[in-house]
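Here's the letter readout for the chains.
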Amino acid sequence: QVQLVESGGGLVQAGGSLRLSCAASGSIFSVNAMGWYRQAPGKQREVVATITSGGATNYADSVKGRFTISRDNAKNTVFLQMNSLKPEDTAVYYCNADVARRQWLKSVNYWGQGTQVTVSS
């Protein structure tokens, strides 16, 4: 089994910063693409940022220039540094990863349990 455990959410004032972390653990051969998604009340889950195992990144237009995704491949961990936070960034943030549990096996997509980020105005 594979678990994704997020940490780092919380309450922050507009203009502030937070750093989210997500560690993958369990029966893992390799972790491929990782990413962060978010879901605000009454809205669909949306992609925030993704990163490949080689370090290539993609960002939603709404967070470009404010958020930075990075990863530590040795620790199977992905980070999201969030700066200049806005009230509209308020959401539950979910970690996502494509994990191969054995060599030659197809990757399976996993989700974390989510961490709340609240930005007050």
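Calculation criteria
- Residues numbered from 1 in each chain as written.
- Predicted model: local features only at pLDDT ≥ 70, side-chain atom pairs only at ≥ 80, totals over all residues.
- Heavy atoms only, no water.
- Core = buried A, V, L, I, M, F, W, Y, C linked by side-chain atoms within 4.5 Å.
- Buried < 20%, exposed > 50% of the residue type's maximum accessible area, 1.4 Å probe, protein only.
- Helix = DSSP H or I, 4+ residues; strand = E, 2+ residues; numbered from the N terminus.
- Disulfide = S-S within 2.5 Å.
- Pairing = 2+ DSSP bridges.
- Axes fitted to C-alpha atoms, helices over the stretch in contact; angles between N-to-C directions.

S.K.: Would you take a moment to explain the nonpolar core for this structure?
M.R.: As a rule of thumb, soluble globular proteins bury nonpolar side chains together. If you look at the biggest cluster of nonpolar residues, it comprises 30 residues, and the most contacted ones within it are Trp36, Val48, Phe67, Val78, Leu80, Met82 and Tyr93. When contributions to this core are tallied by element, the ones reaching two or more residues are strand S1 (2-7), strand S3 (18-26), strand S4 (30-39), strand S5 (46-51), strand S7 (67-72), strand S8 (77-82), strand S9 (91-100) and strand S11 (115-120). Per element, the largest residue contribution to this core is five residues, and it comes from S9.

S.K.: Could you clarify how one ought to interpret the state of the cysteines in this entry?
M.R.: Each disulfide consists of one covalent bond between the sulfur atoms belonging to two cysteines. Considering all chains together, one arrives at one disulfide under this definition. Paired by a disulfide, cysteine 22 and cysteine 95 hold their sulfur atoms 2.1 Å apart. One disulfide, between cysteine 22 and cysteine 95, carries an S-S torsion of -80° and so falls in the left-handed class. Of this pair, cysteine 22 sits in strand S3 while cysteine 95 sits in strand S9, and the two are 73 residues apart along the sequence. Side by side, cysteine 22 and cysteine 95 carry an identical accessibility label, which is buried.

S.K.: I keep staring at the sheet that holds S8 and nothing clicks. Help me out?
M.R.: Sheets are built from strands paired through backbone hydrogen bonds, the pairs being either parallel or antiparallel. Spatially, S1-S3-S8-S7 is the arrangement adopted by the four strands of the open sheet, whose pairing is antiparallel. At either end of the open sheet lies a strand with only one pairing partner, and these are S1 and S7. Each strand axis lies, on average, 15° off the axis of its neighbour in the sheet, ignoring direction. Note: S3 against S8, six bridges, orientation antiparallel.

Interpretation note: all reported values are geometric properties and have no functional meaning in isolation.
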